[in-house]
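An overview of the molecular structure
The chain contents come next:
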Amino acid sequence: MTDVKETDTLILYGIKNCDTIKKARKFLEGQNIAYRFHDYRVDGLNAALLQTFIDQLGYEPLLNTRGTTWRKLSDEQRNAVNSAGAARDLMLEHPAIIKRPLLCAAEGSMLLGFSESTYQQFIQEKS
């Protein structure tokens, strides 16, 4: 792909059947932005990588409490999420509960969620 803009390697984390992931991927591809997609269900998620996300963003923003996976949890499971450790354990057990997409640049900066304007700004800062 000779028309791909040269940027630091971007990694898009999420789940391929998520509508917001589809929008983010379509945007990146439409802008000819090189990225690698990491599907939590296919490629897995280890505790060290998740801890990196938590250290940078905090566990609260990462925890998708509006999604189907959260709603399917028992009240006991939901109420037990009262610390970063408990949230990490839950996210490792149920990666679909992590808010998505999560776009990470090679130098370590991260952008959680998707909007065209914030992606445009994030990518311009990395160029």
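Read on for an overview of the structure.

Quick notes on the rules
- Residues numbered from 1 in each chain as written.
- Predicted model: local features only at pLDDT ≥ 70, side-chain atom pairs only at ≥ 80, totals over all residues.
- Heavy atoms only, no water.
- Salt bridge = Lys/Arg side-chain N within 4 Å of Asp/Glu carboxyl O.
- Helix = DSSP H or I, 4+ residues; strand = E, 2+ residues; numbered from the N terminus.
- Buried < 20%, exposed > 50% of the residue type's maximum accessible area, 1.4 Å probe, protein only.
- Arc of directions from axis to C-beta.
- Polar contact = N/O pair within 3.5 Å; in protein donor to acceptor, adjacent residues only side chain to side chain.
- Phe/Tyr/Trp six-rings, centres within 6.5 Å; stacked < 30°, edge-to-face > 60°.
- Lys NZ or Arg CZ within 6 Å of the ring centre and 35° of its normal.
- Core = buried A, V, L, I, M, F, W, Y, C linked by side-chain atoms within 4.5 Å.
- Domains from an automatic or database assignment.

Quick word on the pattern of salt bridges
- One pass over the structure, following the stated rule, counts three salt bridges.
- Residue Asp75 pairs with Arg78 through a salt bridge whose shortest N-O separation is 3.4 Å. Here Asp75 and its partner Arg78 are both found in helix 6 (residues 75–79), three residues apart, which amounts to about one turn of the helix.
- Given a relative accessible area of 53%, Asp75 falls into the exposed group.
- Linking Lys126 and Glu107 is a salt bridge whose minimum nitrogen-to-oxygen distance equals 3.3 Å. Pair noted here: Lys126 is in helix 8 (residues 116–126) and Glu107 is in the loop between strand 3 (102–105) and strand 4 (110–112), with a separation of 19 residues, a long-range link.

Some details on helix 3 (residues 47–57)
- What helix 3 keeps buried is the set Leu50, Phe53 and Ile54. Seen end-on, helix 3 carries its buried residues on one side only, within an arc spanning 95 degrees. In helix 3, the exposed positions that point more than 90 degrees away from the buried face belong to Ala48 and Asp55.
- With a side-chain oxygen positioned 3.1 Å from the backbone nitrogen of Ala48, the residue opening helix 3 is Asn46.

Re the environment of Asn79
- Counting through the fold element by element, Asn79 comes out in helix 6.
- Of the residues examined, Asn79 reaches a relative accessible area of 61% and is grouped as exposed.
- Note: C-alpha distance between Asn79 and Gly14 (65 residues apart in sequence) is 25 Å.

Regarding the packing of aromatic side chains
- Tallied over the entire structure, the rule returns five aromatic pairs.
- Here the aromatic cluster, defined as three or more aromatic residues joined through ring pairs, consists of Tyr13, Tyr40 and Phe53.
- Above the ring of Phe37, the side-chain terminus of Arg25 is found at 4.2 Å from the ring centroid.

Some details on the nonpolar core
- Counting 23 residues, the largest nonpolar core has Tyr40, Phe53, Met91 and Leu102 as the members making the most contacts within it.
- At the level of secondary structure, the elements contributing two or more residues to this core comprise strand 1 (5–14), helix 3, helix 4 (59–62), helix 7 (84–93) and strand 3.
- Counting contributing residues, this core receives three or more from each of domain 1 (1–43 + 98–126) and domain 2 (46–97).
- Core analysis: the next-biggest nonpolar cluster, separate from the first, contains 16 residues, Leu10, Cys18, Ala24 and Leu111 among them.

A word on unusual backbone geometry
- Following Arg100, the chain continues to Pro101 via a peptide bond in cis, the omega torsion being 0 degrees.
- Examined against the element boundaries, Pro101 turns out to sit in the loop between helix 7 and strand 3.
- Positive phi, close to 55 degrees, is recorded for Asn32, a residue that is not glycine.
- If you trace the backbone, Asn32 turns up in the loop between helix 1 (19–30) and strand 2 (33–39).
- Relative accessible area serves as the criterion here: at 31%, Asn32 is assigned to the partly exposed category.

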